[in-house]
Amino acid sequence: MAHQPQSTPPTGPATRQRLLLVLPMLLAFALGLFLYHGIGKDPNAMQSSLIGSQVPEFTAETLLAPITVVTQADLLGQPALVNVWATWCPTCRAEHEFLNQISNLEGVRIFGVNYHDQRASAQQWLLELGNPYEFSVFDPKGVVGIELGVVGAPETYLIDAQGKVIDKLTGELNERTWPPLREQYLALQTGVDNGQ
Amino acid sequence: MGNSIGFDLVKALLLWLLLVPSVSHASIETYQFSQPEMAQRFNDLTTVLRCPKCQNQNLADSDSIIAKDLRAQVHQLLEKNQTNDQITDFMVQRYGDFILYDPPFKRSTLVLWLAPIGLLLMGLLVLWFLARKPAVQAAMLTPDEQQQLNDLLASEQQRETHHD
């Protein structure tokens, strides 16, 4: 554009136009930031609507002893993990050794929910791979699963001694995903030791 | 000639494929309802409830274990004479607002509901700026300059008429 005689003060249309040119760039930058923030996030990871509330009521058989009936009350007394697993779930197999480890070495209290499974093959699995669970709830029809808001195996809930759900992990429990849960677990434990 | 007929046929087929709605219901299990109106409500509910596992399918369309369980649950709750609202509440309690294709308007869904309006307003703002631009340029001429321009145009016109 050729030189135009500037009849307006320097803060006139020209400056405003330049600002307008920068505006789309700023918007694109903001959008870029927003999208960058989403990279690497698991779209399947949902905030459980159960967090902050009590473990729902249930009555079910245990996996190893069909005549033993357990309820949500059997999970109380100490902070614990509730791990939803099944023999048809490859990620469950991948995390099983890690569960054994934290159960045996760190003394973490873990309950299982055997989800949509066959009793015989689930029992066999524990014989072969080891049993990190205090007991496993046998849930062949996913009834307990629906109460817990389970989407699929594996899922792991952290509950406190009174049965309040503190946190939930969707997916594999391993060296990478355990530390943040572990921190909360240990905090709950010291709370219990202090007589709270 | 025969070739072009074949081509037309392909075009017609493609058009047909485009227009036929792709409805596929994966649910294979059949449910018995004690009242016929429940079947309709079952269809309605499994259409507006989203499968928590597959995310882009509703309960009716999904083949996943959880969708199957939740369909059975909807059936069971219907037979217990629960209202549609009670059934959706049951699902939201366990799976959160996520399970609704039509989430309620509240703080956590504010962006979801307001973003389209915000974007529309931004678009209108841009349009407004673009439409305003010529007026800004015209206003850049001072009255003196405008007079100069008019004189120039007038003399040009005069010259042209002289030439003719």
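Our structure is the block above this text.
Residues numbered from 1 in each chain as written. Chains lettered and ligands numbered in written order. Predicted model: local features only at pLDDT ≥ 70, side-chain atom pairs only at ≥ 80, totals over all residues. Heavy atoms only, no water.

### Some remarks on the overall build of chain B
Within chain B, the secondary structure is distributed over six helices and zero strands. Helices and strands appear in chain B in the N-to-C order α-α-α-α-α-α. At a minimum sequence separation of 6, the contacts of chain B that also span at least 24 residues come to 54%. About 12100 Å² of surface is accessible on chain B, with carbon and sulfur atoms providing 63% of the total. (Helix = DSSP H or I, 4+ residues; strand = E, 2+ residues; numbered from the N terminus. Contact = heavy atoms within 4.5 Å. Areas by Shrake-Rupley, 256 points an atom, 1.4 Å probe, with all protein chains shown as cover.)

### With respect to the side chain of Asp117(A)
Residues and elements named next belong to chain A. Tracing the backbone shows Asp117 in the loop between β4 (110-115) and α3 (119-129). With no salt bridge to any partner, buried Asp117 finds its closest opposite charge in Arg93, at an N-O distance of 10 Å. A polar contact is formed between the side chain of Asp117 and the side chain of Asn114, at a distance of 3.0 Å. Beyond its immediate sequence surroundings of up to four residues, Asp117 is in contact with Ala86, Thr87, Trp88, Ala122, Phe138 and Pro140. (Buried < 20%, exposed > 50% of the residue type's maximum accessible area, 1.4 Å probe, protein only. Lys, Arg positive; Asp, Glu negative; His and termini not counted. Salt bridge = Lys/Arg side-chain N within 4 Å of Asp/Glu carboxyl O. Polar contact = N/O pair within 3.5 Å; in protein donor to acceptor, adjacent residues only side chain to side chain.)

### Topic: the nonpolar core
Judged by nonpolar contacts, the single largest core of 64 residues is most densely connected at Leu173(A), Trp178(A) and Val74(B). Tallying contributions element by element places helix α3 (residues 65-79) of chain B first for this core, with six residues. Those residues within four positions of Val74(B) in sequence are excluded, and the remaining contacts are Phe42(B), Leu45(B), Leu49(B), Leu59(B), Ile87(B) and Met91(B). (Core = buried A, V, L, I, M, F, W, Y, C linked by side-chain atoms within 4.5 Å.)

### Points about the state of the cysteines
Following the criterion strictly, the structure yields two disulfides over all chains and no others. Disulfide partner of Cys89(A): Cys92(A), at an S-S distance of 2.2 Å. Between Cys89(A) and Cys92(A), the S-S torsion sits near 90°, and that sign places the bridge as right-handed. In terms of burial, Cys89(A) and Cys92(A) fall into one category: buried. What pairs with Cys51(B) in a disulfide is Cys54(B), and their sulfur atoms sit 2.5 Å apart. Taking the sign of the torsion about the S-S bond as the criterion, the disulfide between Cys51(B) and Cys54(B), at about 75°, is right-handed. (Disulfide = S-S within 2.5 Å.)

### Thoughts on the pairing of strand β3 (residues 80-85) of chain A
All names here are of chain A. In terms of burial, β3 is a largely internal element, six of the six residues being buried. In β3, alternate side chains face the same way, and those of Ala80, Val82 and Val84 on one face and Leu81, Asn83 and Trp85 on the other are all buried. As paired elements, β3 and strand β6 (residues 155-159) share five bridges and run antiparallel to each other. Residue pairing for β6: Val84 is matched across the bridge by Glu155. Handedness of the β-α-β unit built from β3, helix α2 (residues 90-104) and β4 comes out right-handed. (Pairing = 2+ DSSP bridges. Right-handed = clockwise from strand over helix to strand, strands pointing away.)

### Examining the packing of α2(A) against α3(A)
Residues and elements named next belong to chain A. α3 packs onto α2 with a crossing angle of 50° between their chain directions and a minimal axis gap of 11 Å. The pairing of α2 with α3 is recorded here as oblique in orientation. The two elements α2 and α3 cross, and the hand of that crossing is right-handed. Packed against α2, whose contacting residues are Cys92, Arg93, His96 and Asn100, the element α3 presents Trp125, Leu126 and Leu129 at the interface. Residues belonging to the contact of α2 with α3 are distributed by class as follows: four nonpolar, two polar and one charged. (Axes fitted to C-alpha atoms, helices over the stretch in contact; angles between N-to-C directions. Parallel < 35°, antiparallel > 145°, perpendicular 65-115°, else oblique. Left-handed = near helix turned anticlockwise from the far one by under 90°. Nonpolar A, V, L, I, M, F, W, Y, C, P; charged D, E, K, R; others polar.)

### Points about the pattern of salt bridges
Per the counting criterion, the structure on display carries eight salt bridges over all chains. A salt bridge links Glu155(A) to Lys168(A); the nearest nitrogen and oxygen atoms lie 3.1 Å apart. Taken together, the residues Glu155(A) in strand β6 and Lys168(A) in strand β7 (residues 165-170) connect sequence positions 13 residues apart. Asp97(B) is paired through a salt bridge with Lys106(B); the nearest N and O atoms lie 2.8 Å apart.

### Notes on unusual backbone geometry
In this model, Ala153(A) is joined to Pro154(A) through a cis peptide bond whose omega is -10°. Mapped onto the elements of the fold, Pro154(A) is located in the loop between α4 (143-148) and β6. Its identity is not glycine, yet His116(A) carries a phi of approximately 50°, on the positive side. Residue placement: His116(A) occurs in the loop between β4 and α3. The phi torsion at Asn81(B) lies on the positive side, around 65°, for a residue other than glycine. Relative to the helices and strands, Asn81(B) is located in the loop between α3 and α4 (84-95). The class of Asn81(B) is exposed, set by a relative accessible area of 58%.

Worth remembering: the numbers are spatial, not functional.
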